Amino acid sequence: MIPGWASKMTRFVMALDQGTTSSRAILFGRDGSVAAEDQHEFPQHFPRPGWVEHDPLEIWESQLRAARGVLAKARVAADEVAAIGITNQRETTVVWDRASGEPIHRAIVWQSRQTAAICDELRSRGLEDEVRKRTGLVIDAYFSATKIRFILDAVEGAQQRAERGELAFGTIDSWLLYKLTGGRVHATEVSNASRTLIYNIHEREWDDRLLGELRIPRAMLPEVRDSSGSFGVADSDWLGAEIPIAGIAGDQQAALFGQGCTQPGLAKNTYGTGCFLLMNTGEDAHVSRSGLITTIAWSIGGRVEYALEGSVFVAGAAIQWLRDGIGLIENARDSEASARSVSDTGGVYLVPAFVGLGAPYWDERARGAIVGITRGTTRDHIVRAALESIAYQTRDVVECVRADSGLELDVLRVDGGAAQNEFLMQFQADILGAPVERPPVLEVTALGAALLAGLGVGFWSDRAELEAVGAGAQRFEPTLDAGRREALYASWKRAVERSRNWEQD
C-alpha cells in the first residue's frame, strides 16, 4: 500500500485498458460503477500474411488521449483520482532505446506468427519440457521471448546495444509505465512476466537458462513486482496532477480478478479479439496434461496465486472479419439478428484459424476453413457458424480444464465485447451443458485493474470489501438436448482437423 494516498479525498480509480485494437480509460467509483469511459482505436499493421504489428507510439498516444478524454467526459480533476491501474494485451513485445525512449522496431503483437521458425528451432533443440517445467508455457510464437529474439535479429546492431544495457524490453504494461513516469520506471508485474517464456513462475525470477538459450541479455529486462502496490507516479504533465500507479495485471488475469474468481475452482471466459478462459488454482501451479498453460494469476502482498489458461486466438476477430474482410455484416451487432434468422448453420462449420490455433491444439500452421458448404448455404449460415465457432473453441478449452482439474464446471462467468451477444451466450451454455453468468457491467478487465490499484492505495481496504463490487449477474441455462449437443461438437472437431497443418514453408 502507498502511504498517504488512502486518506486523500479521492472519489475514483482510473483503469487504463490497453487492448489489441483500441486503448480505453475508465473511471470507477467506490461501488464499482462506471463514471465515464473513453476509447480510441489505433492502426493494425500486417506486413506479411500471419504477421501482426503495432506502432508503440500510436499505442501510447491513443492511451494518453483516452486518459485525458475520460477525465474531460466526467468533469473530474486529476487530483480526484486515487490511483491508476493498468491492464494490457499481454505478450505483445516492445523494444526501445533507453536514452531516447524511441522504439527500435514496431511492437510484435501476441497474435503474430512471425516467430514460428524460431519456435521450431527451439523445439529441435529439445527444450519443450524444460520450458514447460520452468515457465508453465509451451513453445509458441504467441509468447514474448521469441519476439524479442526476432527484433534483436531484425535491427542492425541491436544485440550489441542490448548487451550494453542501451535497450529496454517490455510488454505493453512496461511500455505505458515507462512513458507515464517520464522514463523513470522500467518495471512489470508477475502476471505479465509469466507470459514471456523466460520467467520462472516457481522461483519468481527471470530464468538464466532460458535467457541463454535465446541469447536475451538480462540488462534489457524490467524489474518484476507484485500486481498491487507502488509502480511509481504518473507525471503531472500528462493528466494535470501526479497520480500513483498502483496496480497492473495482464488483461486476462485482470478479468479473472474483476469477475471475483479469487478462490480455487472459479473460472471466467473473456470474449475479446481472442477468447481466454482461466481457472483459479490458488497457490498450486498445476501442470496441464491437455494443452493448457500454467500462468500466474496475480501477486498481492507477496502471495502468488496461479491459474490454468486456455487461449483461443480468434474470437471477436472472426466477427470483425465478417464485417471488414468479406462484408457479410455492416456492424458487429448485426451478427445476432443474422444468426437468429436461420434455425441452424445448415451443416456449415467455420474454423477461424486465421493465425493458427491456440489451446489445446497449438498449431501455428493451421489456417481458417469453412466446411460443409452446399448450394443452399447463405450469408446467415456463415455468420451463425462464425458465432458458433467461438462457443466451440471455448468448449475445447473447458474440456481441458475438466481433464486437468478433475472438476466439473459448475458455472462459467463471462465478459468482453462478444458477451453482449445473447445468441452466443445461450449457445455457449447449450454447447457446454453448463450455466453461463454475465455480470451487469462487462468491463471486468478494466475493473480488475482498478481493484488492484485501489487496493494498492487503500481506496478499498481489503479483498473482502471487493466482494460486493459488481454483483448481480444474468444467468443463461443450457436448453439443448445432450445428444444433439454432442453430435454438433463431434462435427466441430472434424472441421478443426480439416484446418490443421495447412501452411507449408
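Residues numbered from 1 in each chain as written. Predicted model: local features only at pLDDT ≥ 70, side-chain atom pairs only at ≥ 80, totals over all residues. Heavy atoms only, no water.

A. Structural view of helix α14 (residues 422-432). Counting buried positions over the 11 residues of α14 gives nine, a clear majority of the element. Those residues of α14 that sit buried are Phe423, Leu424, Met425, Phe427, Gln428, Ala429, Asp430, Ile431 and Leu432. The distance from a side-chain oxygen at the start of α14 to the backbone nitrogen of Phe423 is 3.1 Å, and the residue carrying that oxygen is Asn421. Positive backbone phi, approximately 70°, marks Gly433, located one or two places after α14. (Buried < 20%, exposed > 50% of the residue type's maximum accessible area, 1.4 Å probe, protein only. Helix = DSSP H or I, 4+ residues; strand = E, 2+ residues; numbered from the N terminus. Polar contact = N/O pair within 3.5 Å; in protein donor to acceptor, adjacent residues only side chain to side chain.)

B. Structural detail: the pairing of strand β15 (residues 267-271). Here β15 lies mainly inside the structure; five of its five residues are buried. Across five bridges, β15 lies against strand β16 (residues 275-282) in antiparallel orientation. In the sheet register, Lys268 faces β16, and the bridge partner there is Leu278. Count of turn residues in the β15/β16 antiparallel hairpin: three residues. (Pairing = 2+ DSSP bridges.)

C. Seen up close, the sheet that holds strand β22 (residues 436-438). On the basis of which strands lie adjacent, the open sheet formed by seven strands has the order β17-β18-β16-β15-β21-β22-β23 and mixed pairing. Both outer strands of the open sheet, β17 (293-300) and β23 (474-476), are each paired with one neighbouring strand and no more. On average, each strand axis in the sheet is inclined to that of its neighbour by 30°, with strand direction left out of account. Taken together, the three bridges between β22 and β23 define a ladder with antiparallel strand orientation. What sits directly across from Val436, in β23, is Phe476. Relative to β17, helix α10 (residues 251-258) is tilted by about 60°, and along the sheet it contacts β15, β16, β17, β18 (303-312) and β21 (412-415). (Axes fitted to C-alpha atoms, helices over the stretch in contact; angles between N-to-C directions. Contact = heavy atoms within 4.5 Å.)

D. Structural view of the side chain of Glu80. Mapping Glu80 onto the fold places it in the loop between α1 (56-74) and β5 (81-88). What Glu80 contacts, discounting residues up to four positions off in sequence, is Thr10, Arg11, Phe12 and Arg75.

E. A look at the sheet that holds strand β3 (residues 34-41). The six strands are arranged β3-β2-β1-β5-β14-β13 in an open sheet whose pairing can be described as mixed. The open sheet has two edge strands with one neighbour each: β3 and β13 (233-234). The pairing of strand β1 (residues 12-18) with β5 spans seven bridges and is parallel. Note that in β5 the partner of Gln18 across the bridge is Asn88. Helix α6 (residues 172-180) rests against β1, β5, β13 and β14 (243-250) of the sheet, and its axis sits at about 145° to β5. On the sheet, helix α15 (residues 444-457) packs against β1, β2 (22-28), β5 and β14 and is oriented at approximately 135° with respect to β5.

F. Layout of the packing of aromatic side chains. Under the criterion given, the structure shown has 19 aromatic pairs. Ring geometry for Phe257 versus Trp298: centroids 4.9 Å apart, planes at 80°, classification edge-to-face. Linking Phe257 in helix α10 with Trp298 in strand β17, this pair joins segments that are 41 residues apart in sequence. There is no split in this pair, since Phe257 and Trp298 are both buried. Each residue in the set Trp110, Tyr142, Phe143, Phe276, Phe313 and Trp362 is aromatic and connected to the rest through ring pairs, giving one cluster. For Arg30, the ring lying beneath its charged end belongs to Phe459, and the centroid distance is 3.9 Å. (Phe/Tyr/Trp six-rings, centres within 6.5 Å; stacked < 30°, edge-to-face > 60°. Lys NZ or Arg CZ within 6 Å of the ring centre and 35° of its normal.)

G. Representation of the packing of α1 against α6 in the model. Here α1 crosses α6 at 65°, and the two axes come no closer than 11 Å. Viewed along their axes, α1 and α6 form a crossing whose handedness is right-handed. Here Pro56, Leu57, Ile59, Trp60 and Gln63 of α1 lie close against α6, whose contacting residues are Ile172, Trp175, Leu176, Lys179 and Leu180. Within the contact of α1 with α6, the residues separate by chemical class into eight nonpolar, one polar and one charged. (Left-handed = near helix turned anticlockwise from the far one by under 90°. Nonpolar A, V, L, I, M, F, W, Y, C, P; charged D, E, K, R; others polar.)

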